Amino acid sequence: MAVKNLHAPPEALLSRLAPERQAILAQAASLAEAHAARLWLVGGVVRDLLCQAPPGRDVDLAVEGDAPALASDLAARIGGRLRAVHAAFGTASVEVQTADGATLILDLASSRVERYPSPGALPEVAPAPIEDDLYRRDFSVNALAIELRAVDGQLRAGRLLDPFGGRADLVTGRLRLLHEKSLRDDPTRMLRGVRLAARLALRPDPAAAAQIQAALEAGYLSLVSHERVLTELCLSLEEPRPDETLRLADAWGLTSQVIPGLAWSEALAARCERLLLAPGGAPAGGPLVWAGLLLYDLDAEGLAAIAARYPLPTEATDLLRQLPGLHAVAPLLTPGLPNSGVDRLLRPFSVTALTVLHYAEPAAAATTSRYLRELRTMRAPLNGNDLRRLGIAPGPLLGQTLEALRAATLDGEVKSREEAEAWVRRHAPGTPGS
Ligand code: CTP
C-alpha cells in the first residue's frame, strides 16, 4: 500500500476522514482550545490517512495539556462514554457509537517522554512537548502528527509533524526505528514491526535489521510477559495476511522465540493461499481459522506447549486440542464414504476446526464443504418425544435409535415423518408393528 502523494497538505489528509469523525474531532479541537491545550492526531491514523488505508476503530490523540480532563469534557459533549482514565499516566479513552452502529474509540494521552527502567519493563512517563512524544514512538512511519483545530465548528488542520521522515519511508517501503535502544525498551516492537511490514510491504533498514538481530540474540522477547506477546499475536491474526506476517517473522528469525516448532513452509503457504483465494460461499476464515492453518503441522506436544505458555481463550485451546485429530481423520474421508460415515468422523470437531481441515486438506475439501453446508445441521424428521410417543421408553435405546435414525436420514433412506415412523417400527424392538 504505497503513499500516493507524499506532499498532500494536512487539510487534504483530514478531509479523507469520514464526515462523522471529522465532526467529532472538531468538537475535540474546540474543547482543547477552551482548555488552552494543543491537540494532535497521531500515530497509525495519520499513517493510514497518508496510505489511504481503511480507517481503524481507534483514533489516537496526543494532548499538550491535560488529556483526562479533555476526554471527560469530550465524552459529555458528544454523548460518549469515558473509560480507562489513568490520571497518573495522563491517559483516557472516549467510546462513542457512530451512526452506522460501530464503536469509535478515541484514545487521548497527554504528550510525554518515557523512560524504561529495564529492558521490556513498563515505562515511567513525564509530560513533554509533542516533538518529544513523537521521538518516544516505535517507527518513523508512526511518528507522525497533525495538529487539529476548529474554526467555526469545522475541523481544520494545523501543522503536520514528520520529524523522522516517516512519509518518505512509506514511499520507499522502509521500516525504521527511531533510536538504538528502541527494541531494548520495548521488545514487542519487533512483533508490531513485523505486522506493519507485512501490511504495508516495508523492509527494515540496515540499522533496524541489526537492532532486531541484536535484540533476538539478547533474548529481550523473553523479558516480556506472555500476555503482551499474545496480544500482539492476536493482532497479527486479525490482519488481512497473517501468513505474510509469519513469513516475515521467520525471515527475521522471530518465530522460534515466540512459537517454537513453527516455521514457514511451502505446504503452509499453499493452504493459506487456498483460504485467500476461496470463492464466495466457501467456508469463512477469521483469526482462529488462520491460527489453525498456521499451526496445522505442529504435533500434539508443540500445540500443548503453546497452550501452556499463553493464556489463550477457550475456543483457541479447544482448537489446538482438535488439530492433531484432523490429521487422523483426513485420510479416512474417502470419496465413497456414506454421509453417515462422514458425520461419525467429523461430528467431534468444531466448525472452526472443520474449516481448517477444509483448507488444509484439498483432497477432503469437497466432503468438508458438504458436511459444513448441509450434513452437520441435518436433523432426523423425528425427535425424542416422537420416539416416546411411538412407544420407546426413555433410556439408552432411545438415544441409539435417534442416532441410527439420523444416520438413515443422512444417507437418504428416510426422507419424511412417515418414512421415519416406518423406519422406527422396523428397527426398534418393542414398538407396535416392529
Ligand atoms: N506506539 C509505540 N510503541 C508501542 C505501541 C505504540 O510507539 N509499543 C505508538 C505508535 O506511534 C503507534 C501509536 O503508539 O502508531 C498507536 O499505537 P496502536 O494504536 O497500538 O497502533 P497503530 O499504529 O494505530 O496501529 P494499528 O494500525 O495496527 O492499530
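Residues numbered from 1 in each chain as written. Predicted model: local features only at pLDDT ≥ 70, side-chain atom pairs only at ≥ 80, totals over all residues. Heavy atoms only, no water.

**A few points about the overall build of the protein chain**
Now for step 1: What the protein chain contains, in helices and strands, is 22 helices and 11 strands.
Now for step 2: Its C-alpha atoms give the protein chain a radius of gyration of 28 Å, clearly above 22 Å, the size a compact globule of 434 residues would have.
Now for step 3: If one aligns the C-alpha atoms of the protein chain with their principal axes, the spans along those axes are about 90 × 50 × 40 Å.
Now for step 4: When each of the 434 residues of the protein chain is scored for burial, the buried share is 48%.
Now for step 5: Across the protein chain, every contact between residues at least 6 apart in sequence was considered, and the portion connecting residues at least 24 apart equals 65%.
Now for step 6: Just so you have it, the protein chain exposes about 20,300 Å², and 54% of that area is on carbon and sulfur atoms.
Now for step 7: Treating the 46 positive side-chain charges of the protein chain as one cloud and the 51 negative ones as another, the clouds have centres 3 Å apart. (Helix = DSSP H or I, 4+ residues; strand = E, 2+ residues; numbered from the N terminus. Rg over C-alpha atoms; globule rule 2.2 N^0.38 Å. Buried < 20%, exposed > 50% of the residue type's maximum accessible area, 1.4 Å probe, protein only. Contact = heavy atoms within 4.5 Å. Areas by Shrake-Rupley, 256 points an atom, 1.4 Å probe, with all protein chains shown as cover. Lys, Arg positive; Asp, Glu negative; His and termini not counted. Charge placed at Lys NZ, Arg CZ, Asp CG, Glu CD.)

**What to know about the site of the ligand**
Now for step 1: What surrounds the ligand is the set Gly43, Gly44, Arg47, Asp60, Arg137, Asp138, Asn142, Asp186, Arg189, Arg192, Arg195 and Arg199.
Now for step 2: At a separation of 3.1 Å, an oxygen atom of the ligand approaches a polar backbone atom of Gly44.
Now for step 3: Here Asp138 contributes a backbone N or O atom positioned 2.7 Å from an oxygen atom of the ligand.
Now for step 4: Protein coverage of the free-state accessible area of the ligand, which is 570 Å², stands at 72%.
Now for step 5: Listing elements by their share of the shell around the ligand, those giving two or more residues are α3 (44–51) and α8 (188–200).
Now for step 6: When residues of the shell around the ligand are assigned to their parent elements, the largest contribution, four residues, is made by α8. (Near = heavy atom within 4 Å. Polar contact = N/O pair within 3.5 Å; in protein donor to acceptor, adjacent residues only side chain to side chain.)

**Things to note about the pairing of strand β1 (residues 38–42)**
Every other side chain in a regular strand lies on the same face of the sheet, so the side chains alternate between the two faces.
Now for step 1: Where burial is concerned, most of β1 is hidden: four out of the five residues are buried.
Now for step 2: Pairing geometry for β1 and strand β2 (residues 58–64), over four bridges, is antiparallel. Note on β2: the bridge partner recorded for Leu39 is Val63.
Now for step 3: Bridging between β1 and strand β8 (residues 145–151) involves four bridges; their strand directions are antiparallel. Bridge pairing in β8 links Trp40 to Glu147. (Pairing = 2+ DSSP bridges.)

**Thoughts on the side chain of Arg112**
Now for step 1: Locating Arg112 in the fold gives a position in strand β6 (residues 112–115).
Now for step 2: Despite its burial, Arg112 pairs with no opposite charge, the nearest such side chain being Asp133 at 4.2 Å.
Now for step 3: Separated by 2.5 Å, the side chain of Arg112 and the backbone oxygen of Phe89 make a polar contact.
Now for step 4: Sequence-distant contacts of Arg112, that is, excluding residues within four places in its chain, are made with Phe89, Gly90, Thr91, Val125, Ala126, Pro127, Ala128, Asp132, Asp133 and Arg136. (Salt bridge = Lys/Arg side-chain N within 4 Å of Asp/Glu carboxyl O.)

**Here we look at the domain arrangement of the protein chain**
Now for step 1: Domain assignment breaks the protein chain into domain 1 (1–172), domain 2 (175–258), domain 3 (259–375) and domain 4 (384–427).
Now for step 2: Each of domain 1 and domain 2 has a C-alpha centre, and these two points are 24 Å apart.
Now for step 3: Approximately 1,900 Å² of surface area, both sides summed, lies buried where domain 1 meets domain 2, with 57% of it carried by carbon and sulfur atoms.
Now for step 4: A per-residue breakdown of the area domain 1 buries against domain 2 is headed by Pro119, Asp138 and Phe139, which together make up 33% of the total.
Now for step 5: Linking domain 1 to domain 2 there are two salt bridges.
Now for step 6: A salt bridge links Asp138 to Arg192; its shortest N-O distance comes to 2.8 Å.
Now for step 7: Counting every contact that joins domain 1 to domain 2 gives five residue pairs in polar contact (both at pLDDT 80 or more).
Now for step 8: Take the side of domain 1 that touches domain 2: its biggest share by element is three residues, from α3.
Now for step 9: Split into classes, the residues belonging to the side of domain 1 that touches domain 2 amount to 13 nonpolar, four polar and six charged. (Domains from an automatic or database assignment. Buried area = accessible area lost by both parts, 1.4 Å probe. Nonpolar A, V, L, I, M, F, W, Y, C, P; charged D, E, K, R; others polar.)

**As for the packing of aromatic side chains**
Now for step 1: Applying the stated criterion across every chain yields a total of one aromatic pair.
Now for step 2: Aromatic pair Tyr135 and Phe164: ring centres 5.8 Å apart, planes at 35 degrees, arrangement tilted. Here Tyr135, found in helix α5 (residues 130–135), pairs with Phe164, found in the loop between β9 (154–161) and α6 (166–172); they are 29 residues apart in sequence, far enough to count as distant. (Phe/Tyr/Trp six-rings, centres within 6.5 Å; stacked < 30°, edge-to-face > 60°.)

**So, the pattern of salt bridges**
Now for step 1: Overall, the coordinates contain 30 salt bridges when judged by the stated rule.
Now for step 2: Note that Asp297 and Arg271 form a salt bridge whose closest N and O atoms lie 3.0 Å from each other. With Asp297 in the loop between α14 (287–295) and α15 (300–309) and Arg271 in helix α13 (residues 266–276), the pair connects residues that are 26 residues apart, well separated along the chain.
Now for step 3: Counted as one network, the salt bridges with shared partners bring together Glu114, Asp133, Arg136 and Arg137.

**Considering helix α2 (residues 19–34)**
Now for step 1: Over its 16 residues, α2 runs 23 Å from end to end, which matches the ideal 22 Å to within 8%, given 1.5 Å per residue.
Now for step 2: Where α2 terminates, the next one or two residues include Ala36, which has phi positive at roughly 55 degrees. (Expected span 1.5 Å × (residues − 1).)

**Comments concerning the packing of helix α16 (residues 314–329) against helix α18 (residues 351–360)**
Now for step 1: Two numbers describe how α16 lies on α18: the axes approach to 10 Å, and their chain directions differ by 45 degrees. One way to sum up the angle between α16 and α18 is to call them oblique. Note on packing geometry: the crossing formed by α16 with α18 is right-handed. Note on element contacts: α18 touches α16 through Thr352, Ala353, Val356 and Leu357, opposite Leu319, Gln322, Leu323, Leu326 and Val329.
Now for step 2: Split into classes, the residues belonging to the contact of α16 with α18 amount to seven nonpolar, two polar and no charged. (Axes fitted to C-alpha atoms, helices over the stretch in contact; angles between N-to-C directions. Parallel < 35°, antiparallel > 145°, perpendicular 65-115°, else oblique. Left-handed = near helix turned anticlockwise from the far one by under 90°.)

**Quick look at the sheet that holds strand β4 (residues 91–97)**
Now for step 1: Taking strand neighbours across the sheet as the criterion, the seven strands line up as β3-β4-β5-β2-β1-β8-β9 in an open arrangement whose pairing is mixed. In the strand order of this sheet, the two ends are held by β3 (81–86) and β9, each with one partner. Direction aside, the axes of adjacent strands within the sheet are offset by 30 degrees on average.
Now for step 2: As paired elements, β8 and β9 share six bridges and run antiparallel to each other. When the sheet's bridge partners are listed, Ala150 is paired in β9 with Leu155.
Now for step 3: Along the sheet face, α2 touches β1, β2, β4, β5 (103–110), β8 and β9 and points at about 80 degrees away from the line of β8.

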